[in-house]
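Structural overview for review
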Amino acid sequence: MSILITPETKILIQGITGEFGARHTRLSLDYGTKVVAGVTPGKGGQFFEYKEHKVPIFNSVAEAAKATGATVSAIFVPPPFAADAILEGVDAGLDLAVAITEGIPVRDMVRVKRAMQGRHTRLLGPNCPGVVTPGAGKDSQGGCRIGIAPGYIHKRGHVGVVSRSGTLTYEAVFQLTSKNIGQTTCVGIGGDPVNGTSHLDVIKQFNDDPETHGIIMIGEIGGNAEVEAARWIKAHCKKPVAGFIAGATAPAGRRMGHAGAIVGGAEDTAAAKIAVFKECGIEVAVTPSDMADALLRAAKAKGVVLT
Amino acid sequence: MNIHEYQAKALFETFGVPAPRGAAAKSAAEFDAALASLPEGPTMVKSQIHAGGRGKGTFTNGYKGGVKFCKTKAEAKEIAGKMLGETLVTIQTGPAGRKVQTVYFTAASDIKKEYYLAILLDRATSRPVIVASTEGGVEIEKVAHDTPEKIHKIFVDPAYGLADFQVRELIFQLGLTGVEAKNAAKLIRNLYTCYWETDAAMVEVNPLITTPTGDVLALDAKVSFDDNALFRHPEIVALRDLNEEDSKEIEASKYSLSYIALDGNIACLVNGAGLAMSTMDIIKHFGGTPANFLDVGGGASKDQVIAAFKIILGDPNVKGILVNIFGGIMDCNVIAQGIVEAVKEVGLKLPLVVRLEGNNVAAGKATLANSGLTLVSGDTMADAAQKIVKLVAA
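Residues numbered from 1 in each chain as written. Chains lettered and ligands numbered in written order. Predicted model: local features only at pLDDT ≥ 70, side-chain atom pairs only at ≥ 80, totals over all residues.

1. Brief notes about the interface of chain A and chain B
Selection rule: Contact between two residues is assigned whenever their backbone-derived C-beta positions fall within 7 Å. Put simply, Ala, Val, Leu, Ile, Met, Phe, Trp, Tyr, Cys and Pro go in the nonpolar bin, Asp, Glu, Lys and Arg in the charged bin, and everything else, Gly too, in the polar bin.
Taken residue by residue, the interface counts 46 residues in chain A and 42 residues in chain B. In terms of residue class, the side of chain A that touches chain B is made up of 24 nonpolar, 14 polar and 8 charged.

2. A word on the domain arrangement of chain B
Operational definition: Each domain span listed reflects an automatic or database assignment of domains.
Along its sequence, chain B is carved into domain 1 (21-107), domain 2 (113-237) and domain 3 (247-393). Once you take the C-alpha centre of each, domain 2 of chain B and domain 3 of chain B turn out to be 43 Å apart.

3. Side note on the nonpolar core
Operational definition: Any nonpolar core is a set of buried residues, restricted to Ala, Val, Leu, Ile, Met, Phe, Trp, Tyr and Cys, that join up through C-beta atoms within 7 Å. The exposure label follows from counting other C-beta atoms within 10 Å of a residue's C-beta, where the C-beta atoms are placed from the backbone and the thresholds are 20 or more for buried and 12 or fewer for exposed, leaving partly exposed in between.
Judged by nonpolar contacts, the single largest core of 153 residues is most densely connected at Ile75, Val98 and Leu295 of chain A together with Leu294 of chain B. Setting aside residues no more than four positions away along its own chain, Val98 of chain A makes contact with Val72, Ser73, Ala74, Ile75, Leu124, Gly125, Gly130, Val131, Ile146 and Gly147 of chain A. Among the nonpolar cores identified, the runner-up in size contains 41 residues, and Ile3, Tyr116, Ile130 and Tyr195 of chain B belong to it.

4. What about unusual backbone geometry?
The condition that has to hold: Comment: elements are numbered from the N terminus, with helices defined as DSSP H or I runs of at least four residues and strands as E runs of at least two.
Residue Pro126 of chain A is bonded to the preceding Gly125 of chain A through a cis peptide linkage, with omega at 10 degrees. Secondary-structure assignment places Pro126 of chain A in the loop between strand 7 (122-124) and strand 8 (130-133). In this structure, the amide linkage connecting Asn206 of chain B to the following residue, Pro207 of chain B, adopts the cis form with an omega of 10 degrees. For Ser256 of chain B, which is not glycine, the phi dihedral falls at a positive 55 degrees. Mapped onto the fold, Ser256 of chain B is located in the loop between helix 8 (247-254) and strand 14 (258-261). Non-glycine residue Asn360 of chain B carries a positive phi angle of around 60 degrees. Mapping Asn360 of chain B onto the fold places it in the loop between strand 18 (352-358) and helix 12 (361-369). Here Asn360 of chain B falls in the partly exposed class, since 16 other C-beta atoms lie within 10 Å of it.

5. A short note on the packing of helix 10 (residues 302-313) of chain B against helix 11 (residues 332-346) of chain B
Residues and elements named next belong to chain B. Stated precisely, the cut-off is as follows: Interaxial angles span 0 to 180 degrees and are taken between N-to-C directions of axes, which are lines fitted to C-alpha atoms, for helices over the stretch in contact. Working rule for angles: under 35 degrees goes down as roughly parallel, over 145 as roughly antiparallel, 65 to 115 as roughly perpendicular, anything else as oblique. Left-handed describes a crossing whose near helix is turned anticlockwise from the far helix by less than a right angle; the clockwise case is right-handed.
Their axes nearest at 9 Å, the elements helix 10 and helix 11 cross at an angle of 40 degrees. The orientation of helix 10 relative to helix 11 falls into the category oblique. Note that helix 10 runs across helix 11; the crossing there is right-handed. Across from Lys302, Val305, Ile306, Phe309, Lys310 and Leu313 in helix 10, the residues of helix 11 making contact are Gly338, Ile339, Glu341, Ala342, Glu345 and Val346. Grouping the amino acids of the contact of helix 10 with helix 11 by side-chain chemistry returns 7 nonpolar, 1 polar and 4 charged.

Okay, here's the thing in structure tokens:
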């Protein structure tokens, strides 16, 4: 099994006719992902055509979900309209909304997060690379790719990856695949200060997933989400976990690219988070080149086979 | 985005957050007109820069104090002349300091007691939090560390907004009663509206004061805004002061590059914020010092790479460059061609290490190897970082 999505998951794309959304829809279709619908208000009735695929476009998420059975949405809607797009997915009762959009105002996300309380839908992101459950085919094709991650670097297997950063996730996945270690699911939770699914939410799912044998958790400066997850791991997770925190050299008070990557106080520095990781039994990768090796060390110490 | 105190106070006024009367001046010729709008008597002169610690700062000309109390307006005019156009160094500016391009005169207030008040995002709850303390006028981090019981917090439900009972709770915790309580409640409600309506990242009033006559005033004001929300606030974008920003950072933003200048000598050019941060970290790990944070984004187009090289080379401290690109979707060969063209266009003389990984990487590495450029190829991030550190140290 995998978490959040399986190769059978039917997905819809909000913003399928935009340049960014269209490009990644094509890549997901090439990967073998079941993209069953697109949503662009005002373009309902048209089709998104690519190779042998003819994906119907709808005016609303509710309509698209009802007609096609899609349960997950990928959101490629521009920042001013993205919060509304997320809420539309929530209102349609989707299982998961994956918000790729970067640059959504914090106030919008504060309101969205409040409006989602008690609702069925889980949110991933925003400002995230999405989520990939690798398939069994060549270059992991036949999997479910939602978002913007390069599909071919993955390999189906037994390691779960969760990260706030896109390219660092690819770095970790690439290292794993190069060592012939596959992944169950790779989850980007996004670099914004207010996001949906947290590190801890994902870690809990990996812990419950029998196919996931080991976990890589990648974090960065700002907030305390990694610390929260680390303390839970110490108390509840028996699986080997490797961790990496980016931003040890970041100056205080400056936003490092990601809106949420900012050192606000002594608690959310890289050094403080790394110290908590160590205290919680997480094997710390000393450099980003060391992420897969760190997990191998953790697995060896616990006698766990990752391949 | 940050704004100056005088701009923040003007913003406060539109939301009904009272502050002492004040007027700004950008040149000595404006001093008289600014002072004429204020009452006779004790006057404060305040240097306007985007950095804290102004009162304890020192000007590079030796004059001490970026904020001064003056007994008369005549004295205020004289003191303002010593600040305007001079460079003020505070604990937050770094040794280079900031040039004071505006001074702000305010009527000096009789202070009965000082408090602290701020509104910002609480990341753990994803809600706005109002932070208040009876310990005003000092560093709030120190209060939080030494006497955490003196920090009071109210979390606001964004679905309902700030509730009256919450404001009352805060007022009681601050020990305010009577007319002070009434004035403080109004100020807190209005400050929250200001925070929410303007998409502020933080509003901070330190100190907030009570006066012997029962007034409650924002004696200082520090306001910053959520960059993501600026598209819907042209009136706030108009307040941006480019003099307060690094010229290289302004140039970078024109090309959608995220650049932050640091004080090391190894520049880096990376795609993705997380990878860019950890590239800086790995340079440090192997004994070097990063000169900057630079995220060229997921695409890393040729134009962006050229612009990035030019910005990097605008920093005289840079002695070497590390390019670290994980070309996930992008073809590494296209990126390699962009790097080669960029290096040729800027006539790079400094050591350059390139680490390319991802899609079509073999062709990309071949392009670099056959370019005739004296660049060094790195296989992993660790390998590339060690190579550039060694080259710069040589």
